[in-house]
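Fold and geometry: a report
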Amino acid sequence: QVQLVESGGGLVQSGGSLRLSCAASGSIFRVNAMGWYRQAPGKQRELVASATNSGSPNYADSVKDRFTISGDNAKNTVYLQMNRLKPEDTAVYYCNADIRSRPVDASRAYWGQGTEVTVSS
């Protein structure tokens, strides 16, 4: 079993910053990619940022130049530094990871429980 545990959400004023963290634990052979999605009320879940072991980070156009994804491979942890936050960034943010649990297993996607980010105007 693999668990993803997020932290760092909260209430912040417009223009402020927050840093989200997501740690993967459990049966992990290899983490292929980790990323962040968000879902605002009444909207579909959307990709915010993602990163693989070998490629460049990928960002949604709406967060480019404001959000930065980074990771600590040794800790199987991914971070999302969110700067210049806007009210439209308000959403539940979910961590996502593509993980192979054992060498013989196929990789699969795992999700965290979500952490709420609220940006007040």
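Structure shown above.
Residues numbered from 1 in each chain as written. Predicted model: local features only at pLDDT ≥ 70, side-chain atom pairs only at ≥ 80, totals over all residues. Heavy atoms only, no water.

This part takes up unusual backbone geometry. In the Ramachandran plot, Asp65 falls in the positive-phi region, its phi being about 75° despite a non-glycine side chain. With a relative accessible area of 71%, Asp65 lands in the exposed category. At Arg84, a position not held by glycine, the phi torsion is positive, near 50°. When you line up the elements, Arg84 lands in the loop between strand S8 (77–82) and strand S9 (91–100). Classification of Arg84 as partly exposed rests on a relative accessible area of 48%. (Buried < 20%, exposed > 50% of the residue type's maximum accessible area, 1.4 Å probe, protein only. Helix = DSSP H or I, 4+ residues; strand = E, 2+ residues; numbered from the N terminus.)

So, about the environment of Asn58. Within the secondary structure, Asn58 sits in strand S6 (residues 58–59). Asn58 sits in the partly exposed class, given a relative accessible area of 37%. If we ignore the near neighbours within four places in the chain, the residues touching Asn58 are Leu47, Val48, Ala49 and Ser50. (Contact = heavy atoms within 4.5 Å.)

Only one face of strand S1 (residues 2–7) is buried, namely the one carrying Val2, Leu4 and Glu6, since none of Gln3, Val5 and Ser7 on the opposite face is buried. One ladder, built from 6 bridges, connects S1 with strand S3 (residues 18–26); its direction is antiparallel. Looking at S3, one finds that Val2 is bridged to Gly26. (Pairing = 2+ DSSP bridges.)

To continue, consider the packing of aromatic side chains. The full count for this structure, using the stated rule, is 1 aromatic pair. Here the aromatic rings of Tyr37 and Trp111 are separated by 5.0 Å at their centres, their planes lie at 65°, and the arrangement is edge-to-face. Highlighted residues: Tyr37 in strand S4 (residues 30–39) and Trp111 in strand S10 (residues 108–111), separated in sequence by 74 residues. Judged by its relative accessible area of 24%, Tyr37 falls in the partly exposed class. By relative accessible area, Trp111 is classed as partly exposed at 38%. One Lys or Arg, Arg19, reaches over the ring of Tyr79 and ends 4.0 Å from the middle of that ring. (Phe/Tyr/Trp six-rings, centres within 6.5 Å; stacked < 30°, edge-to-face > 60°. Lys NZ or Arg CZ within 6 Å of the ring centre and 35° of its normal.)

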